[in-house]
Structures are given as C-alpha cells and as structure tokens.
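Breakdown of the fold
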Amino acid sequence: MSSAAPRTTGQDHLWSVDEHLEDILATVRPLEPIELQLLDAQGCVLVDDVTVPVSMPPFDNSSMDGYAVRVADVAGASEEFPAVLDVVGDVAAGQAELLHVGPGQAARIMTGAPLPPGAEAVVPVEWTDGGLGEGPVSGMNARSLAPEGASGHVHVFRPAEARAHVRAKGSDVKAGDRALEAGTVLGPPQIALLATIGRGTVRVRPRPRVVVMSTGSELVQPGEELAGGQIYDSNSFALTAAARDAGAIAYRVGAVADDAETLRSTIEDQLVRADLMVTTGGVSVGAYDVVKEALSYVGDEDEAGSGIDFRKLAMQPGKPQGFGSIGPDHTPLLALPGNPVSSYVSFELFARPAIRTLMGLEDVHRPRTTATLTADKALTSPKGRRQFLRGTYADGAVSPVGGAGSHLVAALAHADALIVVPEDVESVEPGTEVEVVLLG
C-alpha cells in the first residue's frame, strides 16, 4: 500500500463555494458512452440524436371499434332513416390482407386495424346496431362467440365525415423526423417512443455508480437498539437516496468505525464499483476525525493527480470539505462533513452537480429563483460566510424552517428549498427578495 500524502493546498486558503464547485466540475468528466437495451437505458442520457426510420403509424388505421365505410353511403343517416350496408367481413389489427369496401358495403374494423381500400371513414360501433337489426349497441360481440357478426347487414344511425376516426399514416412521427435530441434523459415516454420507431438499443452515457459511506463509531443502523452515546446512522441513507434522486445507481455502505485502517480498507474495496465516492463525517479537526488520516494512504503516489485536498469553505453549514481522486482509475471522491444538515446541503451543492456531470447533462444544478422572505424577524448570518437556510417555498414567497443548527434533521425533512444569504450580508429583513435553491 502506498503512502501518498493528501493534497494540502486548501489548508491555508478559505475557499468560496463557487471555487470549490468549479474545482469539482473541472475535474469530473462525463462517463464514456455505451450501447444499452431500452429498459437498461432508463434514466440514462442519450448521446446521439435519434432519427425516425419509418413513419408512425406506418398506415392509415382505425381509432375506434366500428365499421369502415364510404362517406356517401352514410350521408344523411339517422335513427329514423338508417343507412343499411352489406358487411363484407372483418379487419383486425395486424391483418395483412385487406378487404375492399365498395359502394353500399362496410367492413367491421377493430381499433388499430388498417383502413381497407375503398373505405373513407370509420363509424363507431355505438352508432350502429352491430348487425343485430335492433337499436344502437354499446359494443361488439366477440368473434369467437358470434362469427356471423362479420357478415350480413349493419344499420348505421349517424353520418360520418371523410377521415372520421382514422389515424393518418405518419400522424405521430414521420420518417426523417428527429425523434429525440442528444442530451435527453430517457424516461418511460422516451423509451416508449424509441420502441415505437423500432429501436431495440440506444447509445447513452450510463448512470453513474456512487458509493456512499458514513463514518463514526457512534453510529448504529436503524432498527437496532441504541446504547449510551450512540445515534442512528441517517447520513448514509439520506445521501444514498439523494444520489438516486440525482440519477445515480447508489450503493450504501454501513457506517465504518473511527479506525483509519478499517476505513482505508473499506474504501479500497469499494473502488471497484464506484464512479464517484462520497464519504460523510471525519473531515473536521477532532482527534477522532479519521477520514483525513485514512485518505492520506489511499491512492498511488506514482499516479499524477491522485490525492484528496481537505479544505475550509466560506459557507454555513458545511465549512469542512474534502475533494480529490483516489485509486488507479482516479475515482473522484467527495468527503462531506458529518453533521446531517451540513452533509445534505453539501451533497446538494457539490455531489449532485458531480453526478449530473458524470451523466453527461448540460444543466447540472438545482433550479434557482428569487422569493420574498416571509419571517417573524430578521435572519442573521455570519460575516464572510454564504449561509444556506432550510425553507419552504410557495407562490413566490419563502419561509425559514427550523434554526441554523447543522443537526436539525426534523426541520430539513419539512424543507423544499434552501434560502441563500450571501457572504457580505449579515441580516435579512422580512419582505426582502432572496435567492432560493429549489430542492424538489
């Protein structure tokens, strides 16, 4: 195992939020494209434009169950004076050989079936007697139960205009059209379109694999009994969920005790399945903050650029941060603080954009807007720090939720926005316009 030291350029410099983020995004690169089956490509980002090879639908077809007719034959039809047509047979979806509809004739047709030659419109079965010689019917009998329905006569009680209830060839997409643009995230509707135009595979950037690891001997897994001095591990669950929400395939590693050798070994074991690693806890200045100690020896001193830089940021919460790359593949690693709110806010500001960059997206940030501050009193903020306060946003107004403490998880659970207080602002009065980061 090598003994490459961590980068220390950040130790004497108070980084701004923007500087830290720029350093991350300048280092992280989109993953290499791969060809995937459609369902495996869900959530991935399309690499190339997709062009429609064949118009869809590829033929005129019926949008209703009913009868394919000629317009002149049903002109003026009514319940008192119905048009009586000879039924020449059935046209079912998927049928290749088509009947010809001549003057005074009709073909019973199913939804999605090709419009037969000679026919100009479709009358819904509800406009007819269904061939039963009585009044209007509500549907067709199954062919297997009443095959005679495909012959005989049908009474039509309403006229139809040309092309009524006919889906035209190419009315969905036409050959040569651009179906999807490069950069599109493939969700269910996009996968449906790809299948519709006959694409079985598609070239995408894969969803990043993100390993989330929390540290601390005091952490206990939810569901277990707490002993004295212990708390439940919430960070690894929160950040794994956040990574999945960002579009990643996320793996949660149970809390690792405050032992540098154990942590180092666990990190090295996890590198094989990580495009990005996120740790939480152990990056401050305490005697038991072992992440810095452990990461001092992960990596290869012969690999230029390896190593983690631990820094202090001009922000609250989330002052202690670490970033760099480890291992032979220079896997990016973000070391986030351990306080729950600090950890989550840091993830939203830094890890989420990194994940979205790995995916190949152009817009990697949460949406931002301005809102009017609604509060009982002025908000205070430490001088020289960019503060991110939890809030709820609605109709152009934002209200703070809970206090500024970095351990207040309950308040975080009720927040859907972050209120941004700039570094040069120490007090924000109610009614002031503030910048807001929308979380969901």
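Just so it is clear, the model here is predicted, and its values are computed rather than measured. (Residues numbered from 1 in each chain as written. Predicted model: local features only at pLDDT ≥ 70, side-chain atom pairs only at ≥ 80, totals over all residues. Heavy atoms only, no water.)

Spatial ordering of the open sheet is given by β9-β6-β8-β7-β10, a layout of five strands whose pairing is mixed. Each of the sheet's edge strands pairs with one partner strand only, and the pair in question is β9 (121–124) and β10 (153–156). Adjacent strand axes in the sheet meet at a mean angle of 40° when their direction is disregarded. Here strand β7 (residues 83–91) pairs with strand β8 (residues 105–109) via four bridges, running parallel. Along β8, the bridge assignment pairs D90 with R108. (Pairing = 2+ DSSP bridges. Helix = DSSP H or I, 4+ residues; strand = E, 2+ residues; numbered from the N terminus. Axes fitted to C-alpha atoms, helices over the stretch in contact; angles between N-to-C directions.)

Residues in a regular strand point their side chains to alternate faces of the sheet. By the criterion of burial, strand β27 (residues 417–421) is predominantly enclosed, with five of the five residues buried. In β27, alternate side chains face the same way, and those of A417, I419 and V421 on one face and L418 and V420 on the other are all buried. Sheet topology note: the strand β25 (residues 386–394)/β27 ladder contains five bridges and is antiparallel. Looking at β27, one finds that Q387 is bridged to V421. Both β27 and strand β29 (residues 433–438) contribute to a ladder of four bridges, which runs antiparallel. (Buried < 20%, exposed > 50% of the residue type's maximum accessible area, 1.4 Å probe, protein only.)

Note: α-helices contain 3.6 residues per turn, so residues at a spacing of three or four share the same orientation. Every buried residue belonging to helix α3 (residues 188–196) is among I191, L193 and L194, and all of these are buried. Along α3, the residues classed as buried sweep out an arc of 155° about the axis, all on the same side. Counted as exposed and oriented over 90 degrees from the buried face of α3: P188 and P189. Buried residues along α3 sit in contact with β4 (50–51), β12 (178–180) and β13 (201–205). Looking one or two places after α3, you find G198, whose phi comes out positive at around 90°. (Arc of directions from axis to C-beta. Contact = heavy atoms within 4.5 Å.)

Turning next to the pattern of salt bridges. Under the defined criterion, the tally for this structure stands at 16 salt bridges. Salt-bridge contacts for D275 lead to R209; the nearest nitrogen and oxygen are separated by 3.1 Å. Remark: R209 occurs in strand β14 (residues 209–215) and D275 occurs in the loop between α5 (260–270) and β18 (276–280); sequence separation between them is 66 residues. Judged by its relative accessible area of 16%, D275 is buried. (Salt bridge = Lys/Arg side-chain N within 4 Å of Asp/Glu carboxyl O.)

Our focus in this paragraph is the packing of helix α4 (residues 235–246) against helix α7 (residues 340–359). Direction vectors running N to C along α4 and α7 enclose 30°, while the axes themselves pass 9 Å from each other. Our classification of the angle between α4 and α7 gives roughly parallel. Once α4 is placed against α7, the crossing between them reads as right-handed. Every residue of α7 that contacts α4 at N235, L239, A242, A243, D245 and A246 is listed here: P340, S343, Y344, F347, R352, I355, R356 and M359. Considering only residue class, the contact of α4 with α7 consists of nine nonpolar, two polar and three charged. (Parallel < 35°, antiparallel > 145°, perpendicular 65-115°, else oblique. Left-handed = near helix turned anticlockwise from the far one by under 90°. Nonpolar A, V, L, I, M, F, W, Y, C, P; charged D, E, K, R; others polar.)

This part covers the packing of helix α1 (residues 17–27) against α7. Contact geometry for α1 and α7: axes closest at 10 Å, N-to-C directions at 25°. Of the possible angle classes, the one that applies to α1 and α7 is roughly parallel. Pair α1 / α7 crosses with right-handed handedness. In contact with V17, H20, L21, I24 and L25 of α1, α7 contributes L349, F350, P353, A354 and T357. Here the contact of α1 with α7 is built from residues that sort into eight nonpolar, two polar and no charged.

Time to look at the environment of T280. In this structure, T280 sits in strand β18. Assessed through its relative accessible area of 1%, T280 is described here as buried. Each C-alpha atom, one on T280 and one on N339, is 8.4 Å from the other, the two residues being 59 residues apart in sequence. Among residues more than four places away in sequence, those in contact with T280 are M213, S214, T215, N235, L239, L336, P337, G338 and S343. A distance of 3.0 Å separates a polar atom in the side chain of T280 from a polar atom in the side chain of N235. (Polar contact = N/O pair within 3.5 Å; in protein donor to acceptor, adjacent residues only side chain to side chain.)

Interpretation in functional terms is not warranted from these geometric data alone.
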